[in-house]
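# Structural description and commentary
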Amino acid sequence: MKKTVLDSLVIGFALFSMFFGAGNVIFPPYLGLESGPHWVAGFVSYFIADIGLALLSMFAIVRQGTPGRITAPIGKVPSTILMCAVVLCIGPMLAIPRTAATTYETSLQPLLPGVSPVVFSIVFFLVVFLLCVRETAVVDIVGKILTPALLAGLLVLIIVGVVHPLGPVGEVPLVENVAATGIEAGYQTMDVLATLLFGYIILKSALEKGHSTPAAQAKVVSGASLVAGAGLLVVYLGLTYLGATTAQFFDITVDRTFLVTYLVQGLLGRAGIIIFAIVVALACLTTAVGLVSACSAYFAGLTKGVLSYRKAVVLICLFSAVVSNFGINEIIAIATPILSVVYPPTLALIILAFCGRRVTARKWAVRLAALGALAVSLLEVIASYTGLELAFLAQLPLADLGFGWVVPAAVCGVIGAFLPGRTPEAAEELPPG
């Protein structure tokens, strides 16, 4: 029992660091500014859409045994396509480059404004490569070495901000729908998608620490998930409140990274900027390490070793270094429509997987539920970016919260449940690397 608790803490700290990356630094304070007096409601919706759903995904992985069984019921080809889309989103296309862009804009630029972003991206991903090249050491490096420093810096910032706030909380919210804004911010962190890859790392780490049975692995992974969730609850709550105290200085036109930098300098002065630069660098570095390692392992497994783990690390680091030079705002703008399409079918599969293998064994229920979620999300993105009038989308239940796909997915799933065909209990899973 003592070993299980200790291993849960180490793996939980690693999972915390993998989750707490670029988006987790810049989104909560900006959400607090937007939400004003309703910052608690904004935080709750953000936390549910981010870590709440991410923990649901981790528990679904525990119930299914492997992350691959979450997408396997929709068929080998569709599940591979969906997983590749997920991996690219949380990998070299969006999430990994965002870690470097955030580090540059919030850590390096305020201290050394003359440093070239190109040079920085090369150095950043060289460090990531060196930390990832030993695949089996990733969790221990992150969990035992980097996380304590990260948590210490964050707690110093939050405690000072609570004891000596910059100003009063805003009197009115700056957005019409605080809950929907929080949910959208939670989506942008991409933590839910990341669990489908982090799950492989966490399960592998539990196995390497001697937890060989499914029951033992379930205990360790569940404990680690709760440790990570508790840590993120404290950090997110504090950062959202700090953002709410800046209402008298800014409106929603303020740049997210500038808001964070201003907040830190106002609370801790010039020394605070240095501390925060270290905190952000650690947060983004730990997330980048976790993502590069997970993505590399996935593609190595998908290609059955044709693309080795080390070669995948090199390619992902090179591509991410190029994309990171687009800048944080441009990367966020690119991510919004892509995530709006990828998230709903993935969430539908996660929810069904959490319900157990008896549900996922009904292949047409799973396939039609995912298809219904995908169809609605595609129509919403098309209507949003082309100006096409699709008034019925706004009439769907939960549409005002960004969950208009839920009821159509449920209806399609129920219809599919009555169709013949079942997935074998030992469904073939995607390659874990």
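The structure this text deals with has already been given above.
Computed from a prediction, not measured in an experiment: that's the story for all the values here. (Residues numbered from 1 in each chain as written. Predicted model: local features only at pLDDT ≥ 70, side-chain atom pairs only at ≥ 80, totals over all residues. Heavy atoms only, no water.)

## Regarding the overall build of the chain
Across its full length, the chain carries 18 helices and zero strands. For a compact globule of 433 residues, the expected C-alpha radius of gyration is about 22 Å, and the chain comes in at 21 Å, within 12% of that figure. For the C-alpha atoms alone, the extent of the chain along its principal axes is close to 65 × 50 × 45 Å. For the chain, the residues scored as buried account for 57% of the 433 residues in total. For the chain, contacts bridging at least 24 residues in sequence account for 85% of all contacts bridging at least 6. Positive and negative side-chain charges in the chain, numbering 22 and 20 respectively, have mean positions lying 18 Å apart. (Helix = DSSP H or I, 4+ residues; strand = E, 2+ residues; numbered from the N terminus. Rg over C-alpha atoms; globule rule 2.2 N^0.38 Å. Buried < 20%, exposed > 50% of the residue type's maximum accessible area, 1.4 Å probe, protein only. Contact = heavy atoms within 4.5 Å. Lys, Arg positive; Asp, Glu negative; His and termini not counted. Charge placed at Lys NZ, Arg CZ, Asp CG, Glu CD.)

## Describing the packing of aromatic side chains
Centre-to-centre distance and the angle between the planes together describe a pair of aromatic rings. Across all of its chains, the model carries 16 aromatic pairs by this definition. Here the aromatic rings of Y187 and Y343 are separated by 4.4 Å at their centres, their planes lie at 10 degrees, and the arrangement is stacked. In this pair, Y187 is assigned in helix α9 (residues 178–189) and Y343 in helix α14 (residues 328–354), connecting sequence segments 156 residues apart. Summarising the aromatic geometry, the rings of F249 and Y262 are spaced 5.7 Å apart at their centres and angled 55 degrees between planes, so their arrangement reads as tilted. Of this pair, F249 sits in the loop between α11 (214–244) and α12 (256–302) while Y262 is found in helix α12, placing the two residues 13 residues apart along the sequence. The class of F249 is partly exposed, set by a relative accessible area of 37%. An aromatic cluster is present here, built from F43, Y46, F47 and Y236 joined pairwise through their rings. The aromatic ring of Y30 is capped on one face by R256, whose charged end is 4.6 Å from the ring centroid. Over the ring of W364 we find R367; its NZ or CZ atom is 5.3 Å from the centre of that ring. (Phe/Tyr/Trp six-rings, centres within 6.5 Å; stacked < 30°, edge-to-face > 60°. Lys NZ or Arg CZ within 6 Å of the ring centre and 35° of its normal.)

## Side note on unusual backbone geometry
Across residues other than glycine, the phi torsion is negative in most instances, and most of the peptide bonds are trans. The phi angle at K304 is positive, at roughly 55 degrees, despite the residue not being glycine. By the secondary structure assignment, K304 is in the loop between α12 and α13 (309–324). Residue classification places K304 among the exposed positions, given a relative accessible area of 77%.

## Comments concerning the pattern of salt bridges
Overall, the coordinates contain one salt bridge when judged by the stated rule. K3 is the salt-bridge partner of D7, the closest N and O atoms lying 3.2 Å from each other. Taken as a pair, D7 and K3 lie in helix α1 (residues 2–19) at a separation of four residues, close to a single helical turn. You can call D7 buried: its relative accessible area is 7%. (Salt bridge = Lys/Arg side-chain N within 4 Å of Asp/Glu carboxyl O.)

## Regarding the packing of helix α3 (residues 39–64) against helix α10 (residues 191–208)
For the pair α3 and α10, interaxial distance at closest approach is 9 Å and the crossing angle is 40 degrees. Relative to α10, α3 is oriented oblique. Handedness of the α3/α10 crossing: right-handed. Residue-level inspection shows A49, D50, I51, L53, A54, S57, M58 and I61 of α3 in contact with α10, the latter providing D191, V192, T195, L196, G199, I202 and L203. (Axes fitted to C-alpha atoms, helices over the stretch in contact; angles between N-to-C directions. Parallel < 35°, antiparallel > 145°, perpendicular 65-115°, else oblique. Left-handed = near helix turned anticlockwise from the far one by under 90°.)

## Section: the environment of K204
Relative to the assigned elements, K204 resides in helix α10. When the C-alpha atoms of K204 and L267 are compared, they prove to be 41 Å apart, with 63 residues separating the residues in sequence.

## Quick word on helix α5 (residues 76–93)
When the local axis directions of α5 are compared, the greatest deviation, roughly 30 degrees, occurs at V87. For α5, every residue scored as buried is listed here: S79, T80, L82, M83, C84, V86, V87, C89, I90, G91 and P92. Those residues of α5 that are buried lie in contact with α4 (68–71), α6 (95–108), α10, α12, α13 and α14. (Bend = angle between axes of the 7 residues up to and from the residue.)

## Re the packing of α5 against α12
Contact pair α5 / α12: the axes reach a minimum separation of 10 Å and the direction vectors enclose 150 degrees. In this view, α5 runs roughly antiparallel relative to α12, as classed from their interaxial angle. Crossing of α5 over α12 shows left-handed handedness. Counted together, T80, M83, C84, V87, L88, I90 and G91 of α5 and L291, C295, Y298, F299 and L302 of α12 form the full contact between these two elements.

## A closer look at the environment of E105
Within the secondary structure layout, E105 lies in helix α6. When near neighbours in sequence (up to four residues on either side) are disregarded, E105 contacts P110, T257, G327 and I328.

## With respect to the side chain of E34
Looking at the secondary structure, you find E34 in helix α2 (residues 22–35). Comment: no salt bridge for buried E34; closest opposite-charge side chain is R256, at 5.6 Å. Not counting residues up to four positions away in its chain, the partners in contact with E34 are P173, L174, V175, T181 and I252.

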